[in-house]
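# Descriptive analysis of the structure
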Amino acid sequence: MSLTTKQTDRVTHPNSSGPLARRAFIKYSGASLAAGAVILAGCNDATTLTELANDGRARILEDGTIDLGSGDIGILNYAYALEQLEAAFYMMVVEHERFDSMYSEEEREILTDLMYHEITHREFLKAALGDKGIPGLTPDFSSVDFSSRESVLGTAKVFEDLGVGAYNGAGKLLADVNYLLVGGKIVSDEARHAAAIRDVINPMSTDFSGDDVVDENGFDKALMPAEVLAAAQPFIKEKISGANLPTR
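Computed from a predicted model, the values in this text were never measured in an experiment.

### A word on the overall build of the protein chain
- Assigned secondary structure in the protein chain consists of 8 helices and 3 strands.
- Secondary structure elements of the protein chain occur, N-terminal to C-terminal, as α-α-β-β-α-α-α-α-α-α-β.
- Of the contacts formed within the protein chain by residues at least 6 apart in sequence, a portion of 76% connects residues at least 24 apart.
- On the protein chain, roughly 11900 Å² of surface is accessible, and the fraction owed to carbon and sulfur atoms is 53%.

### Details of the nonpolar core
- The biggest cluster of nonpolar side chains holds 59 residues, and the ones touching the most others in it are Y78, F89, Y90, V93, Y103, I134 and F141.
- Contributing elements (two or more residues each) for this core: α3 (71-95), α4 (99-102), α5 (105-129), α6 (149-170), α7 (177-201) and α8 (225-232).
- No other element matches the 14 residues that α3 contributes to this core.
- Setting aside chain neighbours within four positions, we find F89 in contact with F141, V144, F146, V152, T155, A156 and F159.

### A closer look at the pattern of salt bridges
- With the rule as written, the count across this model stands at 5 salt bridges.
- A salt bridge links E107 to R149, with the nearest nitrogen and oxygen atoms 2.7 Å apart. On the criterion of sequence distance, the pair formed by E107 in helix α5 and R149 in helix α6 is long-range, its members being 42 residues apart.
- Exposure remark for E107: the relative accessible area of 11% places this residue in the buried category.
- Note on R149: relative accessible area 24%, which makes it partly exposed.
- For R198, the salt bridge is made with D161, and the minimal N-O distance between the two is 2.7 Å. Of this pair, R198 sits in helix α7 while D161 sits in helix α6, and the two are 37 residues apart along the sequence.

Cut-off values and rules
Residues numbered from 1 in each chain as written. Predicted model: local features only at pLDDT ≥ 70, side-chain atom pairs only at ≥ 80, totals over all residues. Heavy atoms only, no water. Helix = DSSP H or I, 4+ residues; strand = E, 2+ residues; numbered from the N terminus. Contact = heavy atoms within 4.5 Å. Areas by Shrake-Rupley, 256 points an atom, 1.4 Å probe, with all protein chains shown as cover. Core = buried A, V, L, I, M, F, W, Y, C linked by side-chain atoms within 4.5 Å. Buried < 20%, exposed > 50% of the residue type's maximum accessible area, 1.4 Å probe, protein only. Salt bridge = Lys/Arg side-chain N within 4 Å of Asp/Glu carboxyl O.

As structure tokens, this is what we get:
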């Protein structure tokens with residue numbers, strides 16, 4: 001998977017120190033999703049991704065609430081909703097008129113990389129779900145001041161930490177190991193994003209694996225869908241329901 005041509009000229013060696021090392025850290029993480037897509041595609045040449053799971057398709061209820069569905073399809077829609085939100089957020093960040101003046105060159109490169117990664121995740125899940133997927137969501141970023149560096153980076157931290165916890169918590173809810181494989185690859189990207197954002201906010205600190213996201217055993221914390229959807233709902237105009245998602 002190639003993000004943009006110009007990005008290939010910015011990284012020297014992933015073991016180098018300083019900004020280039022952090023750029024490489026993010027850039028190379030994108031390859032993991034591409035590898036997962038190849039493995040999934042090879043599971044059964046005659047079977048599409050949507051045919052691998054139960055038909056727990058999403059529904060729009062009478063009051064306009066979007067029900068994510070059930071089973072593996074419901075979990076994929078859950079992930080798709082979060083990826084829609086993250087992709088829309090970073091697109092707003094990168095397209096903002098103060099993007100060039102408000103961030104350093106390295107920070108702009110990081111935020112742009114994150115945007116392309118989240119768009120890739122979103123489009124992958126959209127294709128996997130096909131007609132069983134939820135519609136495009138309308139983000140509500142009214143609480144975010146895109147002209148404020150602190151507001152943007154603070155929101156990015158919330159989204160990335162939430163994404164890591166969501167994928168960690170959803171893994172045990174998936175029945176199909178092929179979906180679990182891809183979920184594991186996406187969450188590795190999300191964890192790199194979270195670490196990078198935390199380092200941008202507080203450079204050269206240990207915040208990248210802070211006690212608020214890593215437990216006493218050294219593991220990333222896991223969040224269940226109900227908790228994640230409650231945290232994400234204020235940023236989405238449509239009402240989202242995970243009432244039919246698996247819980248164990």
